[in-house]
Amino acid sequence: MGRVDFLYKMDLQHRAVAVYIYLADRANKDGECWPAIPTIARELKLSQSTVRRALQDLRKAELLETEQRYRTKSGKINLLFRLKNM
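What comes next is a walk through the structure. Positions within a chain are numbered from 1, following the residues in the order the chain's sequence is written. Since the coordinates come from a predicted model, pLDDT governs what is reported: local features require at least 70, and pairs of side-chain atoms require 80 or more to be given and counted, while whole-chain, interface and lining totals use all residues. Heavy atoms from the whole structure form the basis of all side-chain values; hydrogens and water molecules are not counted.

**A closer look at the sheet that holds strand β1 (residues 32–33)**
Part 1 of the argument: At least two bridges found by DSSP between two strands are what make those strands a pair. Going along the chain from the N terminus, every DSSP run of H or I of four or more residues is numbered as a helix, and every run of E of two or more is numbered as a strand. With respect to topology, three strands assemble into an open sheet ordered β1-β3-β2, the strand pairing being antiparallel. Because the sheet does not close on itself, it has two edges, and the strands there are β1 and β2 (64–70).
Part 2 of the argument: Where β1 lies against strand β3 (residues 76–83), two bridges are found, and the strand directions are antiparallel. Directly across from E32, in β3, lies its bridge partner R82.
Part 3 of the argument: Contact definition: two residues touch when any of their heavy atoms are within 4.5 Å. An axis is simply a line fitted to the C-alpha atoms; with a helix, the fit covers only the stretch in contact. Between two such axes, the angle follows the N-to-C directions and lies from 0 to 180 degrees. Of the strands in this sheet, β1, β2 and β3 touch helix α2 (residues 14–26), which is tilted by about 95° from β3.

**Some thoughts on the pairing of β2**
Part 1 of the argument: Pairing of β2 with β3 involves six bridges; the strand directions are antiparallel. Bridge pairing in β3 places Q68 opposite L79.
Part 2 of the argument: Once β2 ends, the chain turns through five residues before running back antiparallel as β3.

**Quick look at the nonpolar core**
Part 1 of the argument: Counting 23 residues, the largest nonpolar core has Y20, L23, L55 and L58 as the members making the most contacts within it.
Part 2 of the argument: Listing elements by their share of this core, those giving two or more residues are α2, α3 (37–44), α4 (48–60) and β3. Here the nonpolar core consists of buried residues drawn from Ala, Val, Leu, Ile, Met, Phe, Trp, Tyr and Cys, with membership extended through side-chain atoms lying within 4.5 Å. Exposure categories follow from relative accessible area, calculated using a 1.4 Å probe and restricted to protein chains: below 20% of the type maximum is buried, above 50% is exposed, and the middle band is partly exposed.

**Describing the environment of K76**
Part 1 of the argument: Tracing the chain through its elements places K76 in strand β3.
Part 2 of the argument: Residue classification places K76 among the exposed residues on the basis of a relative accessible area of 59%.
Part 3 of the argument: Leave out the neighbours within four places in its chain, and K76 touches Q68, R69 and Y70.

**Some words on unusual backbone geometry**
Part 1 of the argument: Located in the positive-phi region is K45, a residue other than glycine, with phi close to 60°.
Part 2 of the argument: In this fold, K45 is placed in the loop between α3 and α4.
Part 3 of the argument: Of note in the backbone geometry, E62 takes a positive phi value of approximately 60° without being a glycine.
Part 4 of the argument: Within the secondary structure, E62 is located in the loop between α4 and β2.

In short, shape yes, function no, at least from these values alone.
Written as structure tokens, this is what we have:
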């Protein structure tokens, strides 16, 4: 049994499955990664809005947590993605 087989048994949109697998492929041993949404969209050949909807689907299914990260002296850097069920 593969490590993402549980995804195929869930009622998720194909966009959410694709984004979860993409993030899982890039995650460290703690299930964390921080690719930019434009990068995810470009590499999966999806629009940025589709990636955002997929991330929302994954948060709703409790498969993903996100955390906004900031620089110490300026604004936002990127989102930290923390996968669950890994």
